[in-house]
Amino acid sequence: MTGFPRYAIYFAAGADSAVSRFGVELLGYDAYTGDEVPFPREALHVAADWRDVTADPRKYGFHGTLKAPMTLAAGRTEAELAAACAAFASKPRPIPAIRPVVDSISDFIAVIPAEPVDALQQLAADCVREFDSFRAAMTAEDRARRRPEKLSERQRDYLDLWGYPYVMEEFRFHMTLTGRLDAERRGPILEMLRTRFASLKLDTLTIDRIALFKQDDPKARFRVIGEWALTR
């Protein structure tokens, strides 16, 4: 999107949760506070350029996308979007729970579900639909930036309909930990991240909240500006 500020509806696991601290330390950035965080020694040992390895996901903070970044439509306000988030979270629904693993996805590494979870797919689809009235129309520049010629026909259709190609059947939940890596580099980094994640002894991750993230300008990182627990 060319306009700013931008907003996104993400899953973030809570400022004090073990999985959040795991992601914050590896990305070197806490989206709840806006603070820089020192990288773990293990990360710097496996990749001396760890800051570069994590540069792209650091801009967004550690999260799982539910509604991709968007500029607000004309006449829409941040306060209205926050109120819509609260209303969305208050509607009773099945609360998704995943078995989290660290794995490769499209050449980068992320925390992902070990197997698909229907309730999570439904939650993401609901977010895409229910918040779309807040999204400014995609510009030609925005569309070109998505390189539609590289997308499948269905992904192009979703890009034009929802402003983002990886929704509905194309949605894959992930909490990104690195930028794109070639296969040679990816192996040792994946092993380190799996070992570090295993130390959390986290068998289940409940997707029990939504968070509203905001990016003020192109050089700014996304920050958490609101968080709402989902209602069971």
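Thresholds applied
Residues numbered from 1 in each chain as written. Predicted model: local features only at pLDDT ≥ 70, side-chain atom pairs only at ≥ 80, totals over all residues. Heavy atoms only, no water. Helix = DSSP H or I, 4+ residues; strand = E, 2+ residues; numbered from the N terminus. Buried < 20%, exposed > 50% of the residue type's maximum accessible area, 1.4 Å probe, protein only. Phe/Tyr/Trp six-rings, centres within 6.5 Å; stacked < 30°, edge-to-face > 60°. Lys NZ or Arg CZ within 6 Å of the ring centre and 35° of its normal.

**What about unusual backbone geometry?**
In this structure, proline 5 follows phenylalanine 4 across a cis peptide bond, with omega equal to 0°. Position of proline 5 among the secondary structure elements: in the segment before β1 (6–11). Positive phi outside glycine occurs at serine 106, with the angle close to 55°. You can see serine 106 is positioned in the loop between β6 (100–105) and β7 (108–113). Among the residues examined, serine 106 registers a relative accessible area of 45% and is labelled partly exposed. Located in the positive-phi region is arginine 147, a residue other than glycine, with phi close to 50°. Within the element layout of this structure, arginine 147 appears in the loop between α7 (140–145) and α8 (153–162).

**Section: the packing of aromatic side chains**
Scanning the entire structure with this criterion turns up 7 aromatic pairs. Seen from their ring centres, phenylalanine 11 and phenylalanine 173 are 6.2 Å apart, and the 55° between their planes marks the pair as tilted. Residue phenylalanine 11 is found in strand β1, and its partner phenylalanine 173 is found in the loop between α8 and β8 (175–176); the two are separated by 162 residues along the sequence. For the pair formed by phenylalanine 11 and phenylalanine 173, the shared burial category is buried. A ring pair is formed by tyrosine 164 and tyrosine 166, whose centres lie 5.7 Å apart and whose planes are at 85°; its orientation type is edge-to-face. Among the residues examined, tyrosine 166 registers a relative accessible area of 35% and is labelled partly exposed. Through a chain of ring-to-ring contacts, the aromatic side chains of Tyr10, Tyr60, Phe213 and Phe222 assemble into a single cluster. A cation sits over an aromatic face here: arginine 93 above phenylalanine 88, 4.1 Å from the ring centre.

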